[in-house]
Amino acid sequence: MYRGVRVAVVMPAFHEARHIERALAGVPAFVDRIVVVDDASRDETAARAEAFPDARVEVVRHPHNRGVGAAIATGYGVAFGEGERAAADVAVVMAGDAQMDPADLPRLLDPVVEGRAEYAKGDRLRWPGARARMPASRWLGNQVLSALTRWATGLPVNDSQCGYTALTREAAARLDLRALWPRYGYPNDLLAALARVGARVCDVPVRPVYADETSGVGWIDALVVVPALLVRASVLRGRPALEERSEPVAERPA
Ligand SMILES: Nc1nc2c(ncn2[C@@H]2O[C@H](COP(=O)(O)OP(=O)(O)O)[C@@H](O)[C@H]2O)c(=O)[nH]1
Ligand SMILES: [Mg+2]
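The paragraphs below set out a description of the structure included in this document. (Residues numbered from 1 in each chain as written. Chains lettered and ligands numbered in written order. Predicted model: local features only at pLDDT ≥ 70, side-chain atom pairs only at ≥ 80, totals over all residues. Heavy atoms only, no water.)

## Describing the pairing of strand β6 (residues 165-168)
Across the two faces of β6 the burial is the same, with Thr165 and Leu167 and Ala166 and Thr168 all buried. Here strand β5 (residues 119-123) runs beside β6; their pairing, made up of three bridges, is antiparallel. By the bridge assignment, Tyr119 is partnered in β6 with Leu167. (Buried < 20%, exposed > 50% of the residue type's maximum accessible area, 1.4 Å probe, protein only. Helix = DSSP H or I, 4+ residues; strand = E, 2+ residues; numbered from the N terminus. Pairing = 2+ DSSP bridges.)

## Side note on unusual backbone geometry
Positioned with a positive phi, Arg3 is a non-glycine residue whose angle comes to about 50°. Take Arg3: it is sitting in the segment before β1 (7-13).

## Topic: the packing of aromatic side chains
Across all of its chains, the model carries two aromatic pairs by this definition. When the ring of Tyr2 is compared with that of Phe30, the centres are 4.9 Å apart and the planes differ by 45°; the resulting orientation is tilted. Of this pair, Tyr2 sits in the segment before β1 while Phe30 is found in the loop between α1 (20-25) and β2 (33-38), placing the two residues 28 residues apart along the sequence. Across this residue pair, the class does not change: Tyr2 and Phe30 are buried. Here Tyr76 and Phe80 contribute two aromatic rings whose centre-to-centre distance is 5.8 Å and whose plane-to-plane angle is 15°, an arrangement assigned as stacked. You can see Tyr76 and its partner Phe80 sitting in helix α3 (residues 68-80), four residues apart, about one turn around the helix. Classification of Tyr76 by relative accessible area gives buried; the value is 1%. Residue classification places Phe80 among the buried residues on the basis of a relative accessible area of 12%. Here Arg131 stacks its cationic end above the ring of Trp139, 4.5 Å away from the centre of that ring. (Phe/Tyr/Trp six-rings, centres within 6.5 Å; stacked < 30°, edge-to-face > 60°. Lys NZ or Arg CZ within 6 Å of the ring centre and 35° of its normal.)

## A few points about the site of ligand 1
The local shell around ligand 1 holds 19 residues, among which Glu16, Asp39, Arg138, Tyr184 and Ser215 are the closest. Between ligand 1 and the protein, one listed contact pairs a nitrogen atom with a side-chain N or O atom of Asp39 at 2.6 Å. Burial of ligand 1 by the protein chains amounts to 88% of its free accessible area of 570 Å². Among the secondary structure elements, those contributing two or more residues to the shell around ligand 1 are β1 and α3. (Near = heavy atom within 4 Å. Polar contact = N/O pair within 3.5 Å; in protein donor to acceptor, adjacent residues only side chain to side chain. Areas by Shrake-Rupley, 256 points an atom, 1.4 Å probe, with all protein chains shown as cover.)

## A look at the sheet that holds strand β7 (residues 201-205)
Reading across the sheet, the seven strands line up as β3-β2-β1-β4-β6-β5-β7 and stay open at both edges, with mixed pairing between neighbours. Two strands in the sheet have a free side with no partner beyond their single neighbour: β3 (57-61) and β7. If you compare each strand with its neighbour and ignore which way they point, the axes differ by 20° on average. (Axes fitted to C-alpha atoms, helices over the stretch in contact; angles between N-to-C directions.)

## Description of the pattern of salt bridges
On inspection of all chains with the given rule, the structure shows 21 salt bridges. A salt bridge links Glu58 to Arg33, with the shortest nitrogen-to-oxygen separation between them at 2.9 Å. Taken together, the positions of Glu58 in strand β3 and Arg33 in strand β2 put the pair 25 residues apart, joining distant regions of the chain. For the pair formed by Glu58 and Arg33, the shared burial category is buried. (Salt bridge = Lys/Arg side-chain N within 4 Å of Asp/Glu carboxyl O.)

## Observations regarding the nonpolar core
By size, the foremost hydrophobic cluster in this structure holds 33 residues, and its most contacted members are Met11, Leu24, Val36, Val92, Leu105, Leu109 and Tyr164. Counting residues per element, the ones that place at least two in this core are β1, α1, β2, β4 (90-93) and α4 (105-113). Those residues in contact with Leu105 that sit more than four places away from it in its chain are Pro28, Phe30, Val31, Val92, Met94 and Tyr164. Ala79, Ala88, Ala91 and Tyr186 belong to the second-largest nonpolar core, a separate cluster that totals 30 residues. (Core = buried A, V, L, I, M, F, W, Y, C linked by side-chain atoms within 4.5 Å. Contact = heavy atoms within 4.5 Å.)

## Quick word on the side chain of Thr168
As for its position among the elements, Thr168 is in strand β6. For Thr168, the side chain forms a polar contact with the main-chain nitrogen of Ala171, separated by 3.1 Å. Setting aside residues up to four positions removed in sequence, Thr168 forms contacts with Phe80, Asp89, Val90, Val112, Ala117 and Glu118.

## Quick look at the environment of Arg18
Summarising the element assignment, Arg18 is placed in the loop between β1 and α1. Along the sequence, Arg18 and Lys121 sit 103 residues apart, while their C-alpha atoms lie 26 Å from each other.

In C-alpha cells:
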C-alpha cells in the first residue's frame, strides 16, 4: 500500500531474460502486486519471472505475441480484476527492461493518490540534463511526437512516448482498453482515449534511463504508426466517449 492506496505494477516483457530480474528486484516494497505479462517470448523471460523469489509476482503469458499495448491492457485487466488477490486501486506500468527508475515511483503516485490526476505519466524531457542523457534521435523524435499528441488530444502533455505511468481503476473502467492500439503507439492512443472520457492527466518529471537494453521501436512506428494514430485521434476528438454515446436507459412508466 502507498498512502492507503493498493498499488499494482504491470510489467510488459518481451525477450527480456537479461533484464527482468533486475526490473523485478527494483519494485518498491510498498507495491502490492506485480503482474508480468510475457508476450510469447522465446527466451527465458517467463521462466525467470516465475522463478523470481517474490510472492507478489504473477506471470501472465500470451500464447502468441500481441504487442506491448495489448500486454499492458491484459495486465490492467488482471491488476484491476477481483480474483484471488484484491484488485488494485492504481496500476503503474514499469517496463521489463528496467528502464524505469523505482525512485521516481512515489512522485508518480502522489498526484493520483491526492486526487489531482487519474493518469500520471513520466516526463523525461523535463528531467535536468535530459538532452544529454537521451539518445539525440529519441530526444528529438519525442519532442515532435509530443507536440503532435498535444495537438491531437488537447492534453498539455510533454514526453508522450514515456511508458512510466500510473492509472486509477476508476479511469480504466471508463475506457475500452481492448480497443486500444496493441503495439508501439499505445501511449498516444491511451492519451487520446483518456482525453475523450475527460480524465485528468498530469506529467511528472522522471529520470531518463538508458543502459544496455535495445528498443524494439522502429522508424515505421515513429514516422507512420504514431502520426496515423494521432490523426485518427484528432478526428475522433470532441466525439463523446463510448459509454456516453449510448442512450440512457429509459425510465419505466409508473
Ligand atoms: N508483452 C510485450 N512487451 C513488449 C513487447 N514489445 C516490447 N515490450 C516490452 O515493453 C517495454 C518497452 O519496450 P522497448 O522496446 O524497450 O521500448 P522503448 O523502451 O520505449 O524504446 C519493454 O519492457 C519490452 O520488453 C511485446 O510485443 N509484448
Ligand atoms: Mg526499453
